[in-house]
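Per-entry structural report
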Amino acid sequence: MRNKPLWIAVGMTVGLMALIFFAGWLFGRMVGKHERATEARTAAAAPAVPAESAIGRTGARQLDGLRRGVPVDQEAAPLPMARVENVDRKRERAYPMQPPTIPHAIDGYQVDKNSNRCMLCHARANAEKFQAPPVSVTHYMDRDDQFLASISSRRYFCNQCHVVQTDAPVLVANNFEDIDRVLAAAEAKGSP
């Protein structure tokens, strides 16, 4: 028994761990019983609510617009995968300062620290040749608003902000009007 103090320390550590485990198990059982009893009392005391009262103004159960009327305690069936719209037609923006959506498929585009396939067409030097909109001048600015010769590292990974247009249904209603529509409506009201 050359290492007697070591064996005593190991034994005490194991005993202490067992004691802590047992205390946690016992405490967890007591809390669980208390919570179940509280839930039972609450359920018994709550008045019965008819199903119609949970229905919103739209006539469907609306707990959350993104849940599509499915109650929180139920699993919603997934929507079918949206298809990419590959029509090369720019879509209107849904809110001010929204990054434009990508109107074509980008499957297989390499965008990593070594290469950015988007910049082949959208770099200011190549945009006219490929008839693609050039990236904004803000993409060539650093964090101190100094212009750079090449794309800023803060704006290099396009999919951080820009997404591909799909035929997915709109989940949340939006009545945003861009400035051109607002000005046209004001001009139409002003002219007799």
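Note: the structure precedes this text.
Every value quoted in this text rests on a predicted model; they were computed, and no experiment measured them. (Residues numbered from 1 in each chain as written. Predicted model: local features only at pLDDT ≥ 70, side-chain atom pairs only at ≥ 80, totals over all residues. Heavy atoms only, no water.)

1. Quick notes on the overall build of the chain
Across its full length, the chain carries four helices and zero strands. Its helices and strands taken in sequence order, the chain reads α-α-α-α from the N to the C terminus. For the chain, with 192 residues in total, the buried portion stands at 14%. Once local pairs closer than 6 in sequence are excluded, the contacts in the chain between residues at least 24 apart make up 40%. Surface accessibility of the chain: about 16,200 Å² in total, with carbon and sulfur atoms responsible for 60%. (Helix = DSSP H or I, 4+ residues; strand = E, 2+ residues; numbered from the N terminus. Buried < 20%, exposed > 50% of the residue type's maximum accessible area, 1.4 Å probe, protein only. Contact = heavy atoms within 4.5 Å. Areas by Shrake-Rupley, 256 points an atom, 1.4 Å probe, with all protein chains shown as cover.)

2. Remarks on a nonpolar patch on the surface
A cluster of nonpolar side chains, contributed by F21, F22, W25, L26, F27 and M30, occupies part of the molecular surface with about 710 Å² of accessible area. Relative to the helices and strands, W25 is located in helix α1 (residues 4–45). The exposure class assigned to W25 is partly exposed, which follows from its relative accessible area of 42%. (Patch = residues over 30% accessible without salt bridge, like charges linked within 9 Å, V, L, I, M, F, W, Y side chains within 5 Å. Salt bridge = Lys/Arg side-chain N within 4 Å of Asp/Glu carboxyl O.)

3. Brief notes about the packing of aromatic side chains
Applying the stated criterion to the full structure yields two aromatic pairs. Seen in terms of ring centroids, F22 and W25 are 5.9 Å apart; in terms of plane orientation they differ by 35°. Their pairing is tilted. Of this pair, F22 and W25 both sit in helix α1, three residues apart, which is roughly one turn of that helix. Ring plane angle 85° and centroid distance 5.1 Å describe the contact between Y156 and F157, whose orientation is recorded as edge-to-face. Classification of Y156 as buried rests on a relative accessible area of 16%. Of the residues examined, F157 reaches a relative accessible area of 34% and is grouped as partly exposed. Over the aromatic face of Y109 sits the side chain of R117, whose NZ or CZ is 4.6 Å from the ring centroid. (Phe/Tyr/Trp six-rings, centres within 6.5 Å; stacked < 30°, edge-to-face > 60°. Lys NZ or Arg CZ within 6 Å of the ring centre and 35° of its normal.)

Treat this as a map of the structure, not an account of what it does.
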